[in-house]
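The chain contents come next:
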Amino acid sequence: KAGVTQTPRYLIKTRGQQVTLSCSPISGHRSVSWYQQTPGQGLQFLFEYFSETQRNKGNFPGRFSGRQFSNSRSEMNVSTLELGDSALYLCASSLAEGPYEQYFGPGTRLTVT
Amino acid sequence: GENVEQHPSTLSVQEGDSAVIKCTYSDSASNYFPWYKQELGKGPQLIIDIRSNVGEKKDQRIAVTLNKTAKHFSLHITETQPEDSAVYFCAASRRSNDYKLSFGAGTTVTVRA
């Protein structure tokens, strides 16, 4: 069974721009969660989507948003990029809603210059 | 919110020896405790998890113990091998509408041949 895939793997953007990241979950998984990983703050939860609805949200500003499609694929959008948004963005999928048995993708490395 | 502390931050062991990583959590309502292994250039990989109704769980060379009274849990790796070298993260979450995985800062494990 194919794992979680994320595109693109690497991205360079300029301050003030916006970016959209994509995540395809494991087949049959209906929940997708997004995380930000930085050396300073570690792994931080952004939000979770299940059945096309945002179920839970971490402590990030409104510039960070997401959505989920009927095939469970998810996108994450960051608007008005700041230098501090440079990070590895990870998505994780699981069969059901909640924190259980999440399987992570390889991540998208975003660099903001 | 939940605060997870992880120790040590780095751990170097001789091949064949055991490695132990300890985590403490602050939210007494937390009841799900997974451990993830992250290799360079990859996303975190779920290696074992434990729920609050179980005190210990073992999977081959990996075991996790949970002490709910003291609010700490530990990862034990026996007979370490070079391929065990990676960054290990503990995490904790409650099972409620406000669930979200909170991660420890990570332990870099190096297995010396």
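In the block above lies the structure referred to throughout.
## Regarding the state of the cysteines
Residues and elements named next belong to chain A.
Link 1 in the chain: Evaluated as defined, the whole model comprises 2 disulfides over all chains.
Link 2 in the chain: One disulfide bridge connects Cys-23 with Cys-91, the sulfur atoms lying 1.9 Å from each other. Classification of the bridge connecting Cys-23 and Cys-91 rests on its S-S torsion, roughly 65°, and on that basis the disulfide is right-handed. Placement of the pair is Cys-23 in strand 3 (residues 19-24) and Cys-91 in strand 9 (residues 87-94), with a sequence separation of 68 residues.

## Things to note about the sheet that holds strand 7 (residues 64-68) of chain A
Residue and element names in this part refer to chain A.
Link 1 in the chain: Taken in spatial order, the 4 strands make up an open sheet running 1-3-8-7, and their pairing is antiparallel. Where the open sheet ends on each side, the last strands, each with one partner, are strand 1 (5-7) and strand 7. Between one strand axis and the next, the sheet turns through 20° on average, direction left out of account.
Link 2 in the chain: Across 5 bridges, strand 3 lies against strand 8 (residues 74-78) in antiparallel orientation. Of the residues in strand 8, the one forming a bridge with Ser-22 is Glu-75.

## Section: the environment of Arg-63 of chain A
Residue and element names in this part refer to chain A.
Link 1 in the chain: Inspection of the secondary structure assignment puts Arg-63 in the loop between strand 6 (53-57) and strand 7.
Link 2 in the chain: Residues Arg-63 and Tyr-10 lie 53 residues apart in sequence; the distance between their C-alpha atoms is 20 Å.
Link 3 in the chain: Side-chain polar atoms of Arg-63 contact the side chain of Asp-85, separated by 2.8 Å.

## Structural notes on the environment of Gly-105 of chain A
Link 1 in the chain: Structurally, Gly-105 of chain A is set in the loop between strand 10 (103-104) and strand 11 (108-112).
Link 2 in the chain: Sequence separation of Gly-105 of chain A and Tyr-89 of chain A is 16 residues, and the distance between their C-alpha atoms is 9.4 Å.
Link 3 in the chain: Excluding residues that lie within four positions of it along the chain, Gly-105 of chain A makes contacts with Val-4, Gln-6, Leu-90 and Cys-91 of chain A together with Gly-43 of chain B.

## Considering the pattern of salt bridges
Link 1 in the chain: Within the structure shown, the criterion is met by 9 salt bridges over all chains.
Link 2 in the chain: The partner of Arg-67 of chain A in a salt bridge is Glu-75 of chain A, and the shortest N-O contact between them spans 3.2 Å.
Link 3 in the chain: Salt-bridge contacts for Asp-84 of chain B lead to Arg-61 of chain B; the nearest nitrogen and oxygen are separated by 2.9 Å. Pair noted here: Asp-84 of chain B is in the loop between strand 8 (72-77) and strand 9 (86-94) and Arg-61 of chain B is in the loop between strand 6 (56-59) and strand 7 (62-67), with a separation of 23 residues, a long-range link.
Link 4 in the chain: Taken together, the shared-partner salt bridges in this structure form one network comprising Arg-63, Glu-82 and Asp-85 of chain A.

Calculation rules
Residues numbered from 1 in each chain as written. Chains lettered and ligands numbered in written order. Predicted model: local features only at pLDDT ≥ 70, side-chain atom pairs only at ≥ 80, totals over all residues. Heavy atoms only, no water. Disulfide = S-S within 2.5 Å. Helix = DSSP H or I, 4+ residues; strand = E, 2+ residues; numbered from the N terminus. Pairing = 2+ DSSP bridges. Axes fitted to C-alpha atoms, helices over the stretch in contact; angles between N-to-C directions. Polar contact = N/O pair within 3.5 Å; in protein donor to acceptor, adjacent residues only side chain to side chain. Contact = heavy atoms within 4.5 Å. Salt bridge = Lys/Arg side-chain N within 4 Å of Asp/Glu carboxyl O.

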